[in-house]
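Summary of structural features
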Amino acid sequence: MMTLRRKIRPATLAAWLLAAALAPAQEPTRPWGFFSPRADLTDKPEAAPPIDLRSNVSQPVYLYLVNPTEDTPTVSITVRSPGGAVGKLASVRLAPKGLQKVNLSEFAQAAKTPAGLPLPADTKTSRISLSVAVANANKADEVPNESVQTVNLKNPATLLGETVATFSGGTNTLNVAVKAGDLTGPPCPVELVLSPDDVPGLNKGELKGITRGTLTAAQPSTTLVAGGLVLAPGSAGEGRATLTVDGVERAVVLKGSFKVQTGATSSPFTIDPRNDLRVRAPKYAKPGDAIVPKVEATNAPENSKITFSVSPGASGGVATQSFNRTGPREQKASIVAGEDGSLSVVTVVKDWAFQPDTRGLYGPVTLKATITSGADVKDASTVVIFDESAPRDVRFLPGDPKKFPVRNRPFAVSTVGVDNESEVARVEFFVGVEPPAAGADGKVPTEPKPIVGVYDPKASAWNAALPMPDKKGAVPVYVRYVNGVGLNTVTKTEFDVVDPVPGGVKGQVEYGGRAQKVDVKVWLLSKDGKTIVKDGKIDAEGNFLFTDVPAGEYVLVSEQKTSSKPLTGVSPVTVKEGPDPTEAKITLKQKQ
């Protein structure tokens, strides 16, 4: 069993002290103000406390004014962020010696828009903060009394209490029982995430179970289940699962065994505190494409510095690009005017994303991230192949000369084509119609639907069984090769669709192991024996032959009259298409 508990982190405390050190001296003997997430605050703090908020939710904060004097001054209030003034409220009359909540319904007009007002972080500290300046309207020459509050975004792991994860053998199911810890405010979504990157050899397929849940104060527990987890033979079985909490990915990382005997249960998973770094980007892109690589920093300290670079490699004349960020994840906030006189702070926490200039890039380009915290340095990289050329050498392979496309039947075709940069991603066939082209909006129509080719690695070819039309004649067939960046090459051929080729059946009639040569009649009947398709006699050599017979299943019947009882024979036969008759033999017996 593991318990997720967190104490106040040194980084959070340091940010608080830093904000206090940078703020103008708050004069406790004059009226001053601060924000609080509590709507029913009655205790006056000694100084403006940090504002602790959750990630990726909207939470109200309320403005309180403290009047330490016996006077009843009229004051004006200005709220600022590192990016400038948020809004101003004038003519608030204070009661003596008290704590007073202020209604901000008419505070900031811009904060009434859906997007609200952004609260940019300080360019030096990357901290989000709010300052409240209280000015005495009767003392115009007096400097406003200003207090600064840092907006701290809680580590989402602190919202969880006792969490137990185990893996069950046989059912191949991961069960994660999650309980809320110190949870206040809106419901907290939690999601169980599994990736082959974290569990080597995992064939995730379609997860069976409930991998998402919600924690609330009223329902503080939920169980997440992921089943159908199969490991490739030879896999070690050790791996990691992650929990997304309040929309923050990898908020909790759990490590344990995914390889357990049938009927057994693994030991409880434990928290993996490892500092991990990954770069996520598309495998392929076109020069000039707007790609958005992401850097996933897991369990990195809050004071981390991230450098992201784009090294063009063989792309001549293109300089290396570099980006610097503070903190393992991007943190943003904005405020929106609330209905109850509060200000709602909308917070966003997500992985850092970058938008490099891809113009002029070609071939393999390395994207690298470096995260630094004190003397601890960690690197991660990935490669993006930039390609601006379509697949080439696309052609149909010659088929079996004895096989023809027959109307209303599938016909097997094979094609080849290459793309040495971004590889061939898919191959599409179209019978009788040209492939649809992209419209003005860049989207390709869904009709007509293609027949998707299947790759044969032994022959290095793409194959498909194409349905032929229900009439004979020439029919155009198109194949479209599409590479990893969406560029395509189309090649056309033409098939001469024919009617089904009739077959035939030939053979001998035997009796007592010897071929009969006189007075033997032969009939070709339908499979059920009710319809005569062909009839005839054996020739002087004892052979019979039926030509121009549609392919299918039939019954051969023969009869020979003798001085005693007549001789008869029955033999089923399957007639195949083509000029070569199907061979058959009929054995005569005395008719009972």
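Residues numbered from 1 in each chain as written. Predicted model: local features only at pLDDT ≥ 70, side-chain atom pairs only at ≥ 80, totals over all residues. Heavy atoms only, no water.

**Thoughts on the pairing of strand β6 (residues 84-93)**
Heads up, the rule is: Any two strands between which DSSP finds at least two bridges are classified as paired. Secondary structure elements are defined from DSSP: runs of H or I of at least 4 residues count as helices, runs of E of at least 2 residues count as strands, and each element is numbered from the N terminus.
Where strand β5 (residues 74-81) and β6 come together, 7 bridges link them in antiparallel fashion. From the neighbouring strand, S81 faces β6, where its bridge partner is G84. Counting the residues that bridge the hairpin from β5 to β6 gives 2 residues.

**What about the environment of V193?**
Under the convention used in this document: When accessible area is computed with a 1.4 Å probe and restricted to protein chains, residues below 20% of their type maximum are described as buried, those above 50% as exposed, and intermediate ones as partly exposed. Working rule for contacts: check all heavy atoms of both residues, and any pair within 4.5 Å makes them a contact.
As for its placement among the helices and strands, V193 is situated in strand β13 (residues 188-193). You can call V193 partly exposed: its relative accessible area is 30%. For the pair V193 and A241, spaced 48 residues apart in sequence, the C-alpha to C-alpha distance is 6.1 Å. Ignoring sequence-local partners within four residues, the contact set of V193 consists of A241, T242 and T244.

**Things to note about the sheet that holds strand β19 (residues 248-257)**
To summarise the sheet geometry, strands pair through backbone hydrogen bonds and adopt either a parallel or an antiparallel arrangement. The 5 strands are arranged β15-β13-β18-β19-β20 in an open sheet whose pairing can be described as antiparallel. Every other strand in the sheet has two partners, leaving β15 (212-215) and β20 (270-271) as the edge strands with one partner each. Taken together, the 4 bridges between β13 and β15 define a ladder with antiparallel strand orientation. Among the inter-strand pairings, P189 is bridged to a residue of β15, identified as T214.

**A closer look at the environment of T29**
Just so we agree on the cut-off: N or O atoms within 3.5 Å of each other form a polar contact, as long as, within protein, one can give a hydrogen and the other can take it, and as long as residues adjacent in sequence are counted only when both atoms are side-chain atoms.
Following the sequence through the fold, T29 ends up in the loop between α1 (10-22) and β2 (32-36). As for T29 and T326, which are separated by 297 residues in sequence, their C-alpha atoms are 37 Å apart. Looking at T29, its side chain comes within polar contact range of the side chain of E27, at 2.5 Å.

**Here's the deal with the packing of aromatic side chains**
Here is the rule: When the centres of two rings from Phe, Tyr and Trp lie within 6.5 Å, Trp using its six-membered ring, the rings pair. Their planes under 30 degrees apart give stacked, over 60 give edge-to-face, and anything left gives tilted.
Tallying each qualifying case throughout the model produces 12 aromatic pairs. When the ring of Y455 is compared with that of W462, the centres are 5.1 Å apart and the planes differ by 50°; the resulting orientation is tilted. On the basis of relative accessibility, which here comes to 40%, the residue Y455 falls in the partly exposed class. Owing to a relative accessible area of 12%, W462 belongs among the buried residues under this scheme. An aromatic cluster is built from F396, F411, F429 and F495, whose rings are joined through pairwise contacts.

**So, the sheet that holds strand β31 (residues 410-418)**
Definition in use: Geometry is summarised by axes, namely lines fitted to C-alpha atoms with helices restricted to the contacting stretch, and by angles between N-to-C directions that run from 0 to 180 degrees.
Taking strand neighbours across the sheet as the criterion, the 4 strands line up as β30-β31-β35-β34 in an open arrangement whose pairing is antiparallel. The two strands at the open ends of the sheet, each matched to only one other strand, are β30 (392-396) and β34 (454-456). Direction aside, the axes of adjacent strands within the sheet are offset by 30° on average. Two elements, β30 and β31, share 3 bridges in a ladder whose sense is antiparallel. Its bridge partner being in β31, R395 is matched across the sheet by V416.

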